[in-house]
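Chain residues, written in single-letter form:
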Amino acid sequence: MAQILAVDDSASMRQMVAFTLKGAGHDVTEASDGTQALTLAKSKKFDLVLSDVNMPNMDGIALTKELRTLPDFKFTPILILTTEAGADKKQDGKAAGATGWIVKPFNPDQLLATVKKVLG
Amino acid sequence: MAIDMEQFKVTYIEESLEGLDNMESHLLNLEPGSRDEDAINTIFRAAHSIKGGGATFGFSNISEFTHVVETLLDQIRNGEREVTQQAIDLFLESVDCVRDMLATAQGGGQSDASRSTELKAQLDALLVSDENFQPDAHPMPGDSQASPDEQSIASEWNIRFKPFPGMLATGNDVVRMFRELAELGELHTKVNFAELPALTDLGVEDCYLSWEATLKGQCTLEDIKEIFVWVEDECELVITAAPSLESSDSIDSKDRSTDDKPVSGINGASDHGVNVTTAAARPSSLPSENKSKPQNKTTAERRANAESSSIRVDIDKIDSLINMVGELVITQSMLSQLGEEFDIERLEKLRDGLGQLERNTRELQESVMRIRMIPISFAFNRFPRMIHDLCNKFGKKVQLKLSGESTELDKTVMEKIGDPLVHLVRNAMDHGIETPDKRAEAGKPETGTVHLNAFHQGGNIVIEITDDGAGINADKILKKAIQRGLVEEGIELSQARIHDLLFQPGFSTADEITDVSGRGVGMDVVRKNIQALGGTVDVQSTIGKGSKFTVRLPLTLAILDGQLVRVGDHTYIIPLVSIVESLQVHNKNVNAIAGKAELYKLRDEYIPIVRLYEAFHIEPDSRSLENGLLVVVEGDGQKAGLLVDDLLAQQQVVIKSLETNFRRVDGLSGATILGDGTVALILDVAGVIRVSQGRISHHDSINANGVAA
């Protein structure tokens, strides 16, 4: 069981991600934007962060950058959830220190497969 | 694991509708040429979420449509495109269109595909209208961009993998990649630590190792690349097929991957890495081929889900509810303890306990009611858009002012008040506000104002719709009323009475019937709808200055503040809101009009007396006016005095519908059960007045009221 932080401003996406991961036995903490996620990250360790890109207040790219400055998150896998199939967002994410990405739309099985891959 | 996506659709639809409202309000505030980043970003994000969720939850039509909108917005956001009026209008139409699609998704009906197709064509046209713009070349997820080369299958691959020192700091674990490689076939690895520096120079977070691996198994170059796709730019990676290349056999995996395309790939490029079945296939990835394809859900399933409506509740409200229940439990245990060994000495304690129970119950009731309360901004939010559209249509200039948007009222009342409000605002736009030239002539600013205001007053919510337009022409109304035979010629009517004629059935003063108002759905329907909610509507107007429509509604439909009154053996409930005052009758103030009606002189006003025992055919204590009490009530803008035997307590009563349990009865709005278990009927004041006046002619009643008003 892993501690996973799921960040998305869309409640339905959060709900889907959380439900799926909880069903697989993980502990999921939800945040609706980067600012909230960062606050949570400062008080708790996570094994994996899944973050949307486009969010109010602080987007996923900025969140990734911020997380990488925290000692606890230096090597933590951070996956960017993005609908942009174009390379720019993935590259932005990578440049900010993200581990990888999951392209939306994805279904629960695809999400689980990727998470399993990353967590080992 | 099979996960039913249906459960998330309700949330998706709700959040998308909210997103659309948000888009709409920001679009309405957006000026052509604007560079308001916050607003544009907010609009973009909303479209982006709707598109993303649409694709995820199986609404491909919504997702495809919104994709174009999103692309345009993205260009605007990146400064590649100007905000034009045309774009704003198209976006606003798109908002409506997506709203329809969502409604269809919710209700399971057929959406108007032609409208969205047409709109999409217009958006596409806008998209290519910009010469600098290269048509969207994004591969949709699932479109395999792999070159034929990458699809070729070899049975043995040599892989040289040398991470850059910083790769680990992106959270990518080398072990993960080799584990995945091992799943593709038989893997042999050799680690090279030649570059490992001396311990003193070693950066603890850096990677100095490189690997050489041989992979034996039926897989494509792409399968292998897929594993390293996240670290492409953070390593040196050389993959070569071992000399004995087999390219003609084992087409199997290629075919499979083609079949898999509708299930879009996790990593964008393709599905191969996940779904290809090789000798060492991963069982965990197999189910994804068959399950959870939301597109396949039937309409019926969708419908079943959509019908349950839900409400968002502030967490504070829930907390206070839980708090309250806690106190109730304490009171209950206290009382049951008292009951176990009760003797008369402890009566005082019992009284205290019961008092506490009463308080708990009342507080609990109030907080439960508060859960159903939502701010009126939900109803107000549609007006900026409506005014915007109507201004274009009429060539009028109108500024909308909203105040008191946070005033809360019951969700059911809110849902039902929407249409009457729309009608009133349309009327204000159509009949009230003048065209800019006419306004200028009258010495008014060219831009008119429509003001929506809401506030609480007693147990009611009051909504005022004020315009600074032409006002209501009383002469014109009177003429029309006489023409229609609603009023006899030569009768003097007060200004207020004339204005009230607007609410008579079939009354329209529109000289020309526009498609906005004057469609035959008149003010009488507005009043009827509002009355059905237990509310009232009236109008004040001054020629040349404007009009004000005031709507009064109960905060909730479930509970009513009532005055209990007694007539003979029966108890009736009069809604407290309709009571003006109660008084003892002095015979000198009673004027009887022979054979028709009795009037009571209340200060400088004459009001008809309604003897309730007559109206309900029951036996009173006394038939004499002086022995009873007169409850002065107001309903439909008309006052009347209800004769009762006695006034009892005032209390909140829970309304039970007569219609569902029995049938509709004129003069009664419902029933309730009193503390002693008896049933009491709730008076519909306007109805009682109407019923009692059924005996006297309509004209006389207007006349009688108009005399001294």
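Reading guide: rules and limits
Residues numbered from 1 in each chain as written. Chains lettered and ligands numbered in written order. Predicted model: local features only at pLDDT ≥ 70, side-chain atom pairs only at ≥ 80, totals over all residues. Heavy atoms only, no water. Helix = DSSP H or I, 4+ residues; strand = E, 2+ residues; numbered from the N terminus. Buried < 20%, exposed > 50% of the residue type's maximum accessible area, 1.4 Å probe, protein only. Contact = heavy atoms within 4.5 Å. Areas by Shrake-Rupley, 256 points an atom, 1.4 Å probe, with all protein chains shown as cover. Patch = residues over 30% accessible without salt bridge, like charges linked within 9 Å, V, L, I, M, F, W, Y side chains within 5 Å. Salt bridge = Lys/Arg side-chain N within 4 Å of Asp/Glu carboxyl O. Axes fitted to C-alpha atoms, helices over the stretch in contact; angles between N-to-C directions. Parallel < 35°, antiparallel > 145°, perpendicular 65-115°, else oblique. Left-handed = near helix turned anticlockwise from the far one by under 90°. Pairing = 2+ DSSP bridges. Buried area = accessible area lost by both parts, 1.4 Å probe. Nonpolar A, V, L, I, M, F, W, Y, C, P; charged D, E, K, R; others polar. Core = buried A, V, L, I, M, F, W, Y, C linked by side-chain atoms within 4.5 Å. pLDDT = per-residue confidence, 0-100.

### Considering the overall build of chain A
Scanning chain A from N- to C-terminus turns up 5 helices and 5 strands. Across chain A, helices and strands are ordered from the amino to the carboxyl terminus as β-α-β-α-β-α-β-α-β-α. For chain A, buried positions account for 67% of its 120 residues. Put simply, 62% of the contacts in chain A that link residues at least 6 apart link residues at least 24 apart. Of the roughly 4,000 Å² that chain A leaves accessible, carbon and sulfur atoms contribute 51%.

### Concerning a nonpolar patch on the surface
Taken together, the side chains of B:Val191, B:Phe193, B:Leu196, B:Leu199, B:Leu202 and B:Val204 present a nonpolar region at the surface, about 630 Å² in accessible area. Along the chain, the position of B:Phe193 falls in the loop between β2 (186-192) and β3 (210-220).

### Brief notes about the packing of helix α1 (residues 6-29) of chain B against helix α4 (residues 85-107) of chain B
Residues and elements named next belong to chain B. At a minimum axis distance of 10 Å, the contact between α1 and α4 shows a crossing angle of 165 degrees. In terms of their interaxial angle, α1 and α4 are classed as roughly antiparallel. Judged by the sense of rotation from one axis to the other, the crossing of α1 with α4 is left-handed. Where α1 approaches α4, its residues Tyr12, Ile13, Ser16, Leu17, Leu20, Asp21, Met23, Glu24, Leu27 and Leu28 are matched on the opposing element by Ile88, Phe91, Leu92, Val95, Asp96, Val98, Arg99, Leu102, Ala105 and Gln106.

### Things to note about the sheet that holds strand β19 (residues 638-644) of chain B
Residues and elements named next belong to chain B. Taken together, 6 strands build an open sheet; the order of strands is β14-β18-β19-β17-β16-β15 and the sheet is mixed. If you trace the sheet from one side to the other, it starts and ends with β14 (579-584) and β15 (590-593), each paired once. The mean inter-strand angle of the sheet, taken between neighbouring strand axes irrespective of direction, is 35 degrees. Across the sheet, helix α23 (residues 685-693) touches β17 (605-611), β18 (629-635) and β19, and the angle it forms with β18 is around 105 degrees.

### What about the sheet that holds strand β6 (residues 398-403) of chain B?
Residues and elements named next belong to chain B. If you trace the 5 strands from one edge of the open sheet to the other, you get β6-β8-β9-β11-β10, paired in mixed fashion. Both outer strands of the open sheet, β6 and β10 (536-542), are each paired with one neighbouring strand and no more. Going across the sheet, the axis of each strand differs from the next one's by a mean of 15 degrees, ignoring polarity. Bridge count for strand β9 (residues 460-467) against strand β11 (residues 546-554) is 8 bridges, and the pairing is antiparallel. Looking across to β11, one finds that Ile461 is bridged to Leu553. Against the sheet, helix α16 (residues 411-432) touches β6, β8 (448-457), β9 and β11, its axis set at about 20 degrees to β9.

### Observations concerning the interface of chain A and chain B
Taken together, the 49 residues of chain A in the interface contact 45 residues of chain B. Of the roughly 4,100 Å² buried where chain A meets chain B, counting both sides, 58% is carbon and sulfur surface. Looking at the side of chain A facing chain B, the largest losses of area belong to A:Pro105, A:Asp109 and A:Lys117, adding up to 16% of the total buried there. Summed over the shared surface of chain A and chain B, the number is 3 salt bridges. A salt bridge links B:Glu205 to A:Lys74; the shortest N-O distance between them is 3.2 Å.

### Quick notes on the packing of helix α2 (residues 34-43) of chain A against helix α3 (residues 60-68) of chain A
Residues and elements named next belong to chain A. The N-to-C vectors of α2 and α3 enclose an angle of 20 degrees; their axes lie 9 Å apart at closest approach. Considering the angle they form, α2 stands roughly parallel to α3. As α2 packs across α3, the resulting crossing turns out to be right-handed. Listed contacts from α3 to Gly34, Ala37, Leu38 and Ala41 of α2 are Leu63, Glu66 and Leu67. Across the contact of α2 with α3, the residue classes tally to 5 nonpolar, 1 polar and 1 charged.

### Quick word on the nonpolar core
A:Leu21, A:Leu50, B:Met23 and B:Phe91 are the most contacted members of the largest nonpolar core, which has 69 residues in total. Take this core: its biggest share by element is 11 residues, from α4(B). Not counting the four nearest positions on each side in its chain, B:Phe91 is found in contact with B:Leu27, B:Val69, B:Leu72, B:Leu73, B:Ile76 and B:Leu123. The next biggest cluster of nonpolar side chains, apart from the first, holds 49 residues, and it includes B:Ile387, B:Met414, B:Ile417 and B:Val537.

### Topic: the confidence of the model for chain B
All names here are of chain B. Per-residue confidence for chain B gives a mean pLDDT of 79; residues scoring 70 or more make up 81%. For chain B, helix α10 (residues 272-275) is the element with the lowest average pLDDT, namely 37, and strand β13 (residues 570-575) is the one with the highest, namely 93. When the criterion is pLDDT under 50, residues 512-520 qualifies, and its contacts beyond four places in sequence or with other chains add up to 14 contacts. Segment residues 696-709 is flagged for pLDDT under 50; beyond a separation of four residues in sequence, or across chains, it makes 20 contacts in the model. For this predicted complex, the interface confidence comes out at an ipTM of 0.87, alongside a pTM of 0.56.

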